[in-house]
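Chain by chain, the residues run as shown.
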Amino acid sequence: EEWLKHNDIIELLERKFHGGKVWALVDCCHSGGFGEAVMEKCNASNRSLNVQYGCIMSTPAPYTAGEEWTMTECFIKAFRGELQCSKDLQYLSKTPCSILNENTTHATTNTIS
């Protein structure tokens, strides 16, 4: 089986978006790996990338997300103006990712510019 790898996506973005900015909204089982791959590429290239990245991922690396696409559903509802904060965000707060975040004692933030 062929899988689209995080590094393949980053290589494509690096070739096509010279000097551009990319916001990546990644909602898949291993979405945290995308941010990790961006940081690895950045460090390997001596912090010299063609693109400025902003990443929102449904789960941190190395954890995996569930199968319900909850983050994507909330973004779609928000873009349509249909997000009901009391209902939808309460549901979102019960997903495995949010439980993981509640139990995580520290967070790491990386900025690439």
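All of these numbers come straight from a predicted model, not from anything done at the bench.

Colleague: Run through the pairing of strand E1 (residues 21-26), naming residues and quoting values.
Modeller: Two faces, one strand: in a regular strand the side chains alternate between the faces of the sheet. Only one face of E1 is buried, namely the one carrying Val 22, Ala 24 and Val 26, since none of Lys 21, Trp 23 and Leu 25 on the opposite face is buried. By the bridge criterion, six bridges tie E1 to strand E2 (residues 52-57) in an arrangement that is parallel. When the bridges of E2 are listed, Val 22 appears paired with Tyr 53. Crossover E1 to E2 through helix H2 (residues 32-44) is right-handed.

Colleague: Could you give me a rundown of unusual backbone geometry, with the residues and numbers involved?
Modeller: Residue Ala 61 is joined to Pro 62 through a cis peptide bond whose omega torsion reads 5°. On the secondary structure map, Pro 62 appears in the loop between E2 and helix H3 (70-80). Despite not being glycine, Asn 46 shows a phi value in the positive range, around 60°. Along the chain, the position of Asn 46 falls in the loop between H2 and E2. One non-glycine residue, Arg 47, lies in the positive phi region at around 60°.

Colleague: Mind laying out the side chain of Glu 14, listing which residues take part and the relevant values?
Modeller: Along the polypeptide, Glu 14 turns up in helix H1 (residues 6-16). No salt bridge forms around the buried Glu 14; measuring N to O, its nearest opposite-charge neighbour Lys 41 is 5.8 Å away. Setting aside chain neighbours within four positions, we find Glu 14 in contact with Lys 41, Leu 49, Asn 50, Val 51 and Tyr 53.

Colleague: Could you give an account of the nonpolar core, naming the residues involved and the relevant values?
Modeller: Counting residues in each nonpolar core, the largest one holds 12 residues, listed as Ile 10, Leu 13, Val 22, Ala 24, Val 26, Phe 34, Ala 37, Val 38, Cys 42, Leu 49, Val 51 and Tyr 53. At the level of elements, H1, E1 and H2 are the ones that each hand at least two residues to this core. Among the elements that make up this core, the one with the highest residue count is H2 (four residues).

Calculation rules
Residues numbered from 1 in each chain as written. Predicted model: local features only at pLDDT ≥ 70, side-chain atom pairs only at ≥ 80, totals over all residues. Heavy atoms only, no water. Buried < 20%, exposed > 50% of the residue type's maximum accessible area, 1.4 Å probe, protein only. Helix = DSSP H or I, 4+ residues; strand = E, 2+ residues; numbered from the N terminus. Pairing = 2+ DSSP bridges. Right-handed = clockwise from strand over helix to strand, strands pointing away. Lys, Arg positive; Asp, Glu negative; His and termini not counted. Salt bridge = Lys/Arg side-chain N within 4 Å of Asp/Glu carboxyl O. Contact = heavy atoms within 4.5 Å. Core = buried A, V, L, I, M, F, W, Y, C linked by side-chain atoms within 4.5 Å.

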